[in-house]
Amino acid sequence: MLPPEKKARLILNTDAKNEADDQYTIVHALLTPSLDLHGISPAHFGAVKSKTSLKDSHDEVVKLLQLMDLSGRVRVADGAEGPLPDERTPVPSAGAHLIVEEAMKDDPRPLYVAFLGPLTDMASALLMEPRLNERNVVVVWIGGGPWPTGGREYNLSNDIAAANVVMRSKVQLWQIPMTVYRMMAVGYAELYERVYDKGPIGKYLVDQLVEWNLRAHPGPIEHRSLGDTPALSVILNPNGGVSEWVPAPEFSPQMHYIHTGQHRPIKLYHSIDTRWILEDFFAKLARFTRGEQEFATFG
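Described in the following lines is the structure provided in the data block. Bear in mind the structure is a predicted one, so any value in this text is a computation, not a measurement. (Residues numbered from 1 in each chain as written. Predicted model: local features only at pLDDT ≥ 70, side-chain atom pairs only at ≥ 80, totals over all residues. Heavy atoms only, no water.)

**Here we look at the packing of aromatic side chains**
In plain terms, the rule: Aromatic rings from Phe, Tyr and Trp, with only the six-membered ring used for Trp, were paired whenever their centres fell within 6.5 Å, and each pair was classed as stacked if the ring planes differed by under 30 degrees, edge-to-face if by over 60, and tilted otherwise. Only when the NZ atom of a Lys or the CZ atom of an Arg is both within 6 Å of the ring centre and within 35 degrees of the ring normal do we say a charge sits over the ring.
A full pass over the atoms with the stated rule returns nine aromatic pairs. Between F251 and Y257 the ring centres are 5.2 Å apart and the planes differ by 40 degrees, which places this aromatic pair in the tilted class. Taken together, the ring pairs in this structure connect W141, W147, F251 and Y257 into an aromatic cluster. Over the ring of Y154 we find K49, and its NZ or CZ is 4.4 Å from the ring centre. Across from the ring centre of F295, 5.5 Å away, lies the NZ or CZ of R73, which sits over that ring.

**Examining unusual backbone geometry**
As a reminder, the rule being used: For the purposes of this entry, the term helix denotes a DSSP run of H or I that reaches at least four residues, the term strand denotes a run of E that reaches at least two, and both are numbered from the N terminus.
The linkage connecting W147 with the following residue, P148, adopts the cis geometry, with an omega of 5 degrees. The topology assignment puts P148 in the loop between β4 (137-142) and α5 (154-157). A positive phi angle, near 55 degrees, is found at D69, a position not held by glycine. Along the polypeptide, D69 turns up in the loop between α2 (53-67) and α3 (94-103). One non-glycine residue, M255, lies in the positive phi region at around 70 degrees. Among the secondary structure elements, M255 is positioned in the loop between β9 (250-251) and β10 (257-258).

**Section: the layout of surface pockets**
Under the convention used in this document: In this analysis the probe radius is 1.4 Å and the grid spacing 1 Å, with only protein atoms considered; a cavity is a set of points the probe fits into but cannot get out of, a pocket is an open set with protein on both sides within 12 Å along at least five of seven lines, and lining residues have an atom within 4 Å of a point. Grid points are joined across faces, edges and corners, and a volume is the space filled by probe spheres set on the points.
Of the voids in this model, the largest pocket is the one considered here, and its volume is about 520 Å³. What lines the largest pocket is a set of 23 residues, and nearest its centre among them are E19, Y154, Y181, R182 and R224. Those elements that provide at least two residues to the lining of the largest pocket are α5, α7 (178-181), α9 (199-216) and β7 (223-225). In terms of residues, the lining of the largest pocket owes the most to one element, β7, which gives three residues.

**Focus on the pattern of salt bridges**
To be explicit about the condition: Salt bridges are defined as contacts in which a side-chain nitrogen from Lys or Arg sits within 4 Å of a carboxyl oxygen from Asp or Glu. Each residue gets one of three labels from its accessible area relative to the maximum for its type: buried under 20%, exposed over 50%, partly exposed in between, using a 1.4 Å probe on protein chains only.
Counted under the stated rule, the structure contains 25 salt bridges. Put simply, R287 and E292 hold a salt bridge, and the shortest N to O gap is 3.8 Å. Note on R287: relative accessible area 33%, which makes it partly exposed. The network of salt bridges with shared partners includes R9, D36, E102, K105, D107 and R109.

By themselves, these figures tell us nothing about what the structure is for.
Have a look at this one:
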């Protein structure tokens with residue numbers, strides 16, 4: 001059992017039912033004993049795929065916890081039902097309040113808030129409580145188009161205003177753009193060999209991924225990018241990738257980067273040690289199935 005000071009404080013904000021990879025990151029976080037998981041915040045993913053995207057994400061998080069016999073042990077704090085109306089107006093939610101609550105605690109450890117979808121709840125928290133700009137908070141975001149030009153990217157598209165609020169803030173931000181998260185591909189053969197037989201949760205993880213691919217892709221396919229996993233990788237292994245500090249950009253309505261040079265630096269990842277983080281997940285899931293893997297701390 002790791003002492004508290006060796007655990008990373010984390011809030012996981014996830015558009016869990018958007019595609020089929022958030023589920024792997026959620027399970028991975030739950031099975032990582034070096035994490036002090038303060039809560040999971042289901043997030044919206046716009047209104048194009050579903051008119052009830054927040055509820056869909058909430059229900060998916062609850063289902064994963066049930067499959068792992070963790071119901072009631074992990075705080076689930078729903079985020080906003082939709083994007084910010086503009087760059088000045090927050091959308092209060094339990095998820096945004098959770099960020100404020102944990103960030104304002106007197107704890108020497110940084111608070112990591114990992115966003116696997118839009119930045120709505122982080123922007124709302126900053127607008128609700130500007131003192132967060134001076135707190136020890138690290139925002140890890142899976143999102144944004146290819147650097148340095150940008151362009152359409154799904155997580156960004158679901159709340160461009162929120163992304164601008166966070167980019168203009170003073171909180172530390174680590175960005176993992178599309179060019180990096182797309183490199184997390186895993187084939188069906190490996191998933192069936194290393195995940196499918198790992199109890200009810202393993203079977204569900206593979207089944208839902210294959211089902212989503214069949215619905216979403218018109219052509220032949222037998223792989224999926226577990227593109228949200230780098231959000232954990234950079235927390236657990238900060239040197240497991242190539243990154244640089246660059247001035248935070250802003251975003252145009254067309255999702256292109258606007259390089260004003262006026263904002264504080266952010267940490268931009270150019271690559272991730274993909275095999276390390278995937279092997280970490282496979283090993284923890286196998287140990288969980290044998291009853292040997294410790295969970296994260298939930299509190």
